[in-house]
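Spelled out, the chains give:
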Amino acid sequence: MAVTKRPLPELLAPAGDMARLRMALRFGADAVYVGGTAFGMRAGPKNFSLQELEAAAQLVHGAGKKLYLTLNTTPTNAEMDALPDYVRQLRTVPLDAVIVADIGVLATVKRLLPDVEIHMSTQVGVMNYETAAQLHEMGASRVVLARELSIDDMARIRSRVPDTLSLEAFVHGAMCMSVSGRCLLSQYLAGRDANRGQCAQPCRWGYYLMEEKRPGQYFPIFEDERGSYILNAKDLCLIEYADRLWQAGIDSFKIEGRAKSEYYTAVVTGAWRRAMDQLALDPGHYRCPPELLEELQKVSHRQYSTGFAFGTPEQGQFYETGGYVRTWDIAAVAERCADGMAEVTVRNKFCVGDTLEAVQPGEDTFPLTVTALFTMDGAPRDSAPHPMERLRMPVTRPVKPGSILRIEKRER
């Protein structure tokens, strides 16, 4: 493979709240994208108030990283009336970019926040170089390419647009069965508009067939008793092809998951950080370390695929279930470690005698057996059942502050 002379891509991680933002930074993100309290495509997460955005910007910039805000819904007339006031409020926040999916929103942001870069969301569905170039002419500094593009198509777009236009692509996370996520199923079936961040994910539901002259009689279109998940897309994972994406001219590798947990944010960001560091060491002979693939199996995910990276996928849907594979949980977060004792904040129950894994930024995981637990006052404990309680535990190896201690899920 020819070695590209382009700079190493940016690693862009999601954050649904301040805790997840800290994890993204700690585990190696170059930039973080977040949502505000309005006009964002994820209504489920806590998201960020104006004051929280200001605090987030201070934290991100203090780490030498970048902060992007999503304004990527498609506003109605009434919502467009409210948009200018919301955008004006953002003047107090030193954002690096705003992500938009609507031409009217682009024009509004360009007029009211002239010094902030504009990134066009994947919701726009940029499938060709002419669309990308025209959006650049309108004021966009970056386009997030449609998820339906192959790596070869991405490379062709890169070759036909100005170097001043940055290209971003999703490299990991959930996929939508609709073109670039512009879905109407949720609005019709659940009254929740996916294009306003309220998706009920009906594509993950099980379905049966009913013949109109035999109401109430349901006929299976599935291979087991759980139903048919004919719309259920697999998750995307392109970590083995980071070199191909870089060679194609992608400037930013984007991880999906603003609604995912801080554990997901930490592990996926950390795995991709290590992969990209490996890519930088020897660009012409990149091989994804197998332990990183193993790490990505230990977060909540659906069955992985390469999506459209190599053309239309033959097996892009997963028909057996609409749920996630969840084999590990976060047990605690390490706060400090000294003199053979670690202070941890509990997230999920664990007990004396359990074996945990310590997940540290930039390093391999290692096992950690819980030999004892103590309250901060020194009282012994047999277990840690209370989320957010601070406890102390002996460790035979130092654990970095901010590391995650995880536990394999017990069979019920």
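In what follows, the accompanying structure is described. (Residues numbered from 1 in each chain as written. Predicted model: local features only at pLDDT ≥ 70, side-chain atom pairs only at ≥ 80, totals over all residues. Heavy atoms only, no water.)

1. Looking at the sheet that holds strand 19 (residues 380–381)
Next, step 1: Strand order in the open sheet formed by eight strands is 17-16-22-13-14-21-18-19, and the pairing between neighbours is antiparallel. The sheet terminates laterally at strand 17 (366–369) and strand 19, the two strands that pair on one side only.
Next, step 2: Bridging between strand 13 (residues 328–338) and strand 14 (residues 341–346) involves six bridges; their strand directions are antiparallel. Directly across from Arg336, in strand 14, lies its bridge partner Glu343. (Pairing = 2+ DSSP bridges. Helix = DSSP H or I, 4+ residues; strand = E, 2+ residues; numbered from the N terminus.)

2. Describing empty space enclosed by the protein
Next, step 1: Per the stated rule, a full pass over the model turns up two cavities of 30 Å³ or more.
Next, step 2: Space inside the largest cavity adds up to approximately 90 Å³.
Next, step 3: As for the largest cavity, its lining consists of 13 residues, and the residues nearest its centre are Arg147, Leu149, Met154, Phe170 and Leu236.
Next, step 4: For the lining of the largest cavity, the class distribution of residues is eleven nonpolar, one polar and one charged.
Next, step 5: Space inside the second largest cavity adds up to approximately 70 Å³.
Next, step 6: Considering the residues around the second largest cavity, the lining is formed by 13 residues, among which Gly270, Ala271, Arg274, Glu295 and Val359 are closest to the centre.
Next, step 7: Listing elements by their share of the lining of the second largest cavity, those giving two or more residues are helix 9 (262–281) and helix 10 (290–297). (1 Å grid on protein atoms, 1.4 Å probe; cavity = no way out; pocket = protein on both sides within 12 Å on 5 of 7 lines; lining within 4 Å. Points joined across faces, edges and corners; volume = space filled by probe spheres on them. Nonpolar A, V, L, I, M, F, W, Y, C, P; charged D, E, K, R; others polar.)

3. What about the pattern of salt bridges?
Next, step 1: For the coordinates displayed, the defined rule picks out 21 salt bridges.
Next, step 2: The closest approach of N and O atoms between Glu262 and Arg347, which form a salt bridge, is 3.1 Å. Taken together, the residues span a long stretch of sequence, with Glu262 in helix 9 and Arg347 in the loop between strand 14 and strand 15 (350–351) at a distance of 85 residues. Assigned by exposure class, Glu262 and Arg347 land together as buried.
Next, step 3: For Glu291, the salt bridge is made with Arg274, and the minimal N-O distance between the two is 3.9 Å. Residue Glu291 is found in helix 10, and its partner Arg274 is found in helix 9; the two are separated by 17 residues along the sequence.
Next, step 4: With relative accessibility at 33%, the residue Glu291 sits in the partly exposed group.
Next, step 5: Connected through shared salt-bridge partners, Glu294, Glu295, Lys298, Glu357 and Arg406 make up one network. (Salt bridge = Lys/Arg side-chain N within 4 Å of Asp/Glu carboxyl O. Buried < 20%, exposed > 50% of the residue type's maximum accessible area, 1.4 Å probe, protein only.)

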